[in-house]
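Residue-level listing of the chains:
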Amino acid sequence: LLKHSIVVATDSCSLSLQDGLPRIQADRLKLTQVVVNVLENALQALPDRSRGVTIATLAESVDGQGESIVVRIVDDGIGMSAETLASVFDPFFTTKRDKGGSGLGMAVVSGIVHDMGGSIALRSEPGAGTTVTIRIPVRPNAEGDANGE
């Protein structure tokens, strides 16, 4: 979905997908919307083609919370101030209004992730890029359905 955007934005986009991940119970289209939106923001944060983006998936266990599938998107972009970071999930907050941003993308992403029983966390500093970590809990005996879950 973002092949053109990736080619235009960077010479360095890497994908690291862990093999044999356990299944989660999630709507495939909604999960795609989450990853596409976060990745699109990461690409837009790159100041030039020499900076890159990394997408990784892995399984992670946290004591008392069980196992989760983690999707981590890391960019070498411009980063965000603490003030901006604090408002990222607020509806209609955008740093890209002049470029047509509505400020709904990350609010929708947050809602979808939380509806799946998951969490989303951001770590960023100006000039140091941004890391977005999405965790979706593994459901024992989760099986796919007609939506490709």
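Residues numbered from 1 in each chain as written. Predicted model: local features only at pLDDT ≥ 70, side-chain atom pairs only at ≥ 80, totals over all residues. Heavy atoms only, no water.

**Structural notes on the overall build of the protein chain**
Scanning the protein chain from terminus to terminus reveals four helices and five strands. From first element to last, N terminus to C terminus, the protein chain shows the α and β order α-β-α-β-β-α-α-β-β. In summary, the protein chain has a C-alpha radius of gyration of 16 Å against a globular reference of 15 Å for 149 residues, a match within 12%. With the C-alpha coordinates aligned to their principal axes, the bounding extent of the protein chain is approximately 45 × 30 × 30 Å. Residue pairs at least 24 apart in sequence account for 64% of intrachain contacts in the protein chain once pairs closer than 6 positions are excluded. Per element, the accessible surface of the protein chain, about 8,800 Å² overall, is 51% carbon and sulfur. Seen as two clouds, the 13 positive and the 18 negative side-chain charges of the protein chain have centres 4 Å apart. (Helix = DSSP H or I, 4+ residues; strand = E, 2+ residues; numbered from the N terminus. Rg over C-alpha atoms; globule rule 2.2 N^0.38 Å. Contact = heavy atoms within 4.5 Å. Areas by Shrake-Rupley, 256 points an atom, 1.4 Å probe, with all protein chains shown as cover. Lys, Arg positive; Asp, Glu negative; His and termini not counted. Charge placed at Lys NZ, Arg CZ, Asp CG, Glu CD.)

**Some remarks on the sheet that holds strand β5 (residues 130-137)**
Strand order in the open sheet formed by five strands is β1-β2-β3-β5-β4, with mixed pairing between adjacent strands. Each edge of the sheet is formed by a strand with only one pairing partner; in this case those strands are β1 (12-17) and β4 (119-124). Across the sheet, the mean angle separating the axes of adjacent strands is 20 degrees when strand polarity is ignored. Bridge analysis of β4 against β5 gives six bridges, and the strand direction is antiparallel. Opposite L122, over in β5, you have V132 as the bridge partner. Each of β2 (52-62), β3 (66-75) and β5 is contacted by helix α2 (residues 28-44), which is oriented at about 30 degrees to β3, the strand it contacts most. Strands β4 and β5 of the sheet are contacted by helix α4 (residues 105-115), whose axis makes an angle of about 135 degrees with β4. (Pairing = 2+ DSSP bridges. Axes fitted to C-alpha atoms, helices over the stretch in contact; angles between N-to-C directions.)

**With respect to the layout of surface pockets**
Taken as a whole, the largest pocket encloses approximately 810 Å³ of empty space. Every residue lining the largest pocket is counted, 31 residues in all, and those nearest its centre are N41, Q44, T94, T95 and K96. Secondary-structure elements contributing two or more residues to the lining of the largest pocket are α2, β3, α4 and β5. Among the elements that make up the lining of the largest pocket, the one with the highest residue count is α2 (six residues). Of the residues in the lining of the largest pocket, the class split is twelve nonpolar, 14 polar and five charged. Considering the residues around the second largest pocket, the lining is formed by 23 residues, among which I24, L31, V35, T57 and V71 are closest to the centre. Considering every element that reaches the lining of the second largest pocket, the biggest residue donor is α2, with six residues. (1 Å grid on protein atoms, 1.4 Å probe; cavity = no way out; pocket = protein on both sides within 12 Å on 5 of 7 lines; lining within 4 Å. Points joined across faces, edges and corners; volume = space filled by probe spheres on them. Nonpolar A, V, L, I, M, F, W, Y, C, P; charged D, E, K, R; others polar.)

**Focus: the confidence of the model for the protein chain**
Across the protein chain, the average pLDDT comes to 89, with 91% of residues at or above 70. Segment residues 144-149 is flagged for pLDDT under 50; beyond a separation of four residues in sequence, or across chains, it makes twelve contacts in the model. (pLDDT = per-residue confidence, 0-100.)

**Re unusual backbone geometry**
You will see that F92, though not glycine, has its phi angle at about 75 degrees, which is positive. Residue position: F92 is located in the loop between α3 (82-87) and α4. Judged by relative accessible area, F92 falls into the exposed class, the value being 55%. (Buried < 20%, exposed > 50% of the residue type's maximum accessible area, 1.4 Å probe, protein only.)

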